[in-house]
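Understanding the architecture of this molecule
The residues making up each chain are set out below.
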Amino acid sequence: MNFNHFLTSYMPNINIGSKIHFENMLQESVLAEKLGYTTVSIPEHHLINLLMMPSPLQMAVKIASMTKKINITTGIVVLPVHDMRTYAGEVASADILTNGRLILGVGRGAFPWEMKRLGTPIETSKEKFIESLEVLQLLLKDKEVSYHGKFYNFEPITIMPRPISNPIPMMIAAMNLESIKDAASRGFHVQSTVLSGTKDLLLSRVKAFKEGCEILGEKGKLLKLSMQRMAYLAKDDNDVREKTKLAYEYYKRFDNMFTGPGKVKEGSVEPLPRKQSLEELKDNLLICTLNEMIDKLSIYAESGVDEIILSSSFGQSHKDLVQSMQRIGEHVIPYFKKSNAQVA
């Protein structure tokens, strides 16, 4: 099982300043490569200080300029808020400037408040996503493309420049079992999460992915299933308690945007009360000491997950985040690389 460092881009204290905030994420990306992570992932969200990344492709290009080999994934580009006729050219440019290290993760959007303000309500975003993805793939693959659909209607065009990857690897964010199976059957890598779900839910998602790969045939063996979890390798039990409290505050804001009313003031997401207790949250997160983390991650590896995406920023200091990454790089990643080698 490989490791992916997710740039959570959470800035609860906006006084830190955007310059330092982005410099910290670039430092994390460079460190991730040194520590043996195979990929770094970049979110896309607008207008808020949570998962804040208006231009993930720009960030991907910058990271590529500072690293040598680490893969760079957009996790996840919100296709319905872009115009594919211009966005396809931006993707091709990023493919060129990252020297083919870009993996384009795409999805329909997740935050109703954000989607409404960007002109694509969440209620209609799935339909627009499906058409946008089809248009994007055509534009990246073919020349003189025309399209006549519900959201796009245009005469023949050829995007320039042309991408250097053929094709650009693409990944779909999916939670529903049928969506996971369908994505894999059509040749897409899949990103998912179990959030607060059980091992049975994890196994059902792995099963749906493998069924999709089998439908695809030989090419299905090249696809990967990624699972995203919040994670922090703590120094001791006191550190676990302290960081779990910070994560609880993070989820007060995340829930506000994901399932709540979307209360935002001057770009800052407001914390709202949660039904889930602090102890219940602790059980669901990978904020723990070394042995517990290895035990919890082993469930993913043994279930057939190819890549674990570690979302590692939830309000702790940048120093603490970096030290957790270093502990993961020193103790956790080598453990699973050794396990992979033994299985092989």
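Parameters and conventions
Along each chain, residues carry numbers from 1 onward, in the same order as the chain's sequence is written. Note on the predicted model: pLDDT of at least 70 is required for a residue's local features to be given, and 80 or more for side-chain atom pairs to be given and counted; whole-chain, interface and lining totals, by contrast, use all residues. By convention in this description, side-chain values take in all heavy atoms of the structure and omit both hydrogens and water. Residues belong to one nonpolar core when they are buried, are Ala, Val, Leu, Ile, Met, Phe, Trp, Tyr or Cys, and are joined through side-chain atoms within 4.5 Å. When accessible area is computed with a 1.4 Å probe and restricted to protein chains, residues below 20% of their type maximum are described as buried, those above 50% as exposed, and intermediate ones as partly exposed. Pairs of residues are marked as contacts when any of their non-hydrogen atoms sit within 4.5 Å. For helices, the fitted line uses only the C-alpha atoms of the stretch in contact; every axis is such a line through C-alpha atoms, and the angle between N-to-C directions lies from 0 to 180 degrees. Helix and strand definitions here come from DSSP, where helices need a minimum of 4 consecutive H or I residues and strands a minimum of 2 consecutive E residues; each element is numbered from the N-terminal end. For this classification, under 35 degrees means roughly parallel, over 145 means roughly antiparallel, 65 to 115 means roughly perpendicular, and everything else is oblique. Crossings are classed by handedness, with left-handed meaning an anticlockwise turn of the near helix from the far one by less than a right angle and right-handed meaning a clockwise turn. Note on residue classes: Ala, Val, Leu, Ile, Met, Phe, Trp, Tyr, Cys and Pro are nonpolar, Asp, Glu, Lys and Arg are charged, and everything else, Gly too, is polar. If DSSP finds at least two bridges between two strands, the strands pair. By this rule the span expected of a helix is its residue count minus one, scaled by 1.5 Å. Under the pairing criterion, centres of Phe, Tyr and Trp rings, with the six-membered ring standing for Trp, must be within 6.5 Å; the plane angle then separates stacked pairs below 30 degrees from edge-to-face pairs above 60, leaving the rest tilted. Note that patches include only residues with greater than 30% relative accessible area and no salt bridge, and the join distances are 9 Å for like charges and 5 Å for nonpolar side chains (Val, Leu, Ile, Met, Phe, Trp, Tyr). Accessible surface area values rest on a Shrake-Rupley calculation with a 1.4 Å probe, where residue burial reflects the displayed protein chains alone. Counted as salt bridges are all cases of a side-chain nitrogen of Lys or Arg within 4 Å of a carboxyl oxygen of Asp or Glu. Polar contacts here mean pairs of N or O atoms no more than 3.5 Å apart (in protein, one a potential hydrogen donor and the other a potential acceptor; neighbouring residues in sequence count only if both atoms are side-chain atoms).

Moving on, we get to the nonpolar core. Counting 76 residues, the largest nonpolar core has Phe3, Tyr37, Leu79, Leu104, Met293 and Leu297 as the members making the most contacts within it. Contact partners of Met293, with chain neighbours within four places excluded, come to Ala231, Tyr232, Leu233, Leu286, Cys288, Ile328 and Val332. With 23 residues, the next largest nonpolar core counts Ala234, Val269, Leu281 and Leu285 among its residues.

Let's shift gears to the packing of helix H7 (residues 199-216) against helix H10 (residues 290-303). Look at H7 against H10: their axes get within 10 Å of each other, and the N-to-C directions meet at 30°. By the angle between their directions, the pair H7 and H10 is classed as roughly parallel. As H7 runs across H10, the sense of the crossing is right-handed. Along its contact with H7, which presents Lys199, Leu202, Leu203, Val206 and Lys210, the element H10 presents Ile299, Tyr300 and Ser303. Of the residues in the contact of H7 with H10, the class split is five nonpolar, one polar and two charged.

Before going further, it helps to examine the pairing of strand E6 (residues 153-157). Where strand E5 (residues 145-148) meets E6, three bridges bridge the pair, whose relative direction is antiparallel. Bridging from a neighbouring strand, Val145 pairs with Ile157 of E6. A loop of four residues connects E5 with E6, the two strands running antiparallel in sequence.

Once that is clear, we can look at helix H3 (residues 84-97). For an α-helix the count is 3.6 residues per turn, leaving residues at separations of three or four pointing the same way. In this model, H3 (14 residues) spans 19 Å end to end at C-alpha, consistent with the 20 Å of a helix rising 1.5 Å per residue. Every buried residue of H3 is listed here: Met84, Tyr87, Ala88, Gly89, Val91, Ala92, Ala94 and Asp95. For H3, the elements touching its buried residues are helix H2 (56-66), strand E3 (71-78), strand E4 (102-107) and helix H5 (122-141). Asn99 occupies a position one or two residues after H3 and carries a positive phi of about 60°.

Taken as a whole and judged by the stated rule, the model has 10 aromatic pairs. Between Tyr147 and Phe154, the ring centres sit 6.4 Å apart and the planes meet at 25°, which makes this aromatic pair stacked. The class for Tyr147 is buried, based on a relative accessible area of 12%. With relative accessibility at 6%, the residue Phe154 sits in the buried group. An angle of 20° between the planes, with centres 6.2 Å apart, marks the rings of Tyr250 and Phe254 as stacked. Remark: Phe254 and Tyr250 occur in helix H8 (residues 237-258); sequence separation between them is four residues, near one turn of the helix. The burial state of Tyr250 is the same as that of Phe254; both residues are buried. An aromatic cluster is present here, built from Tyr10, Phe111, Tyr250, Tyr251, Phe254 and Phe258 joined pairwise through their rings.

On the surface, a cluster of nonpolar side chains totalling about 270 Å² of accessible area is made up of Ile96, Leu97 and Ile164. Taking relative accessible area as the criterion, Leu97 reaches 56% and is therefore assigned exposed.

With an omega of 20°, the peptide bond between Gly75 and Ile76 qualifies as cis. Look at Glu266: it is not a glycine, yet its phi comes out positive at around 50°. Examined against the element boundaries, Glu266 turns out to sit in the loop between strand E10 (264-265) and strand E11 (268-269). Its relative accessible area of 78% is what places Glu266 among the exposed residues.

Moving on to H8. In this model H8 runs 30 Å from its N-terminal to its C-terminal C-alpha over 22 residues, within 8% of the 32 Å that 1.5 Å per residue would give. Near the N-terminus of H8, the side chain that reaches the backbone nitrogen of Asn238, with its oxygen 3.2 Å away, is that of Asp236.

Here we come to the side chain of Ser9. Its place among the elements puts Ser9 in the loop between strand E1 (2-6) and helix H1 (18-35). Engagement of the side chain of Ser9 in a polar contact is seen with the backbone oxygen of Met52, the distance being 2.5 Å. Those residues in contact with Ser9 that sit more than four places away from it in its chain are His21, Met25, Asn49, Leu50, Leu51, Met52 and Met53.

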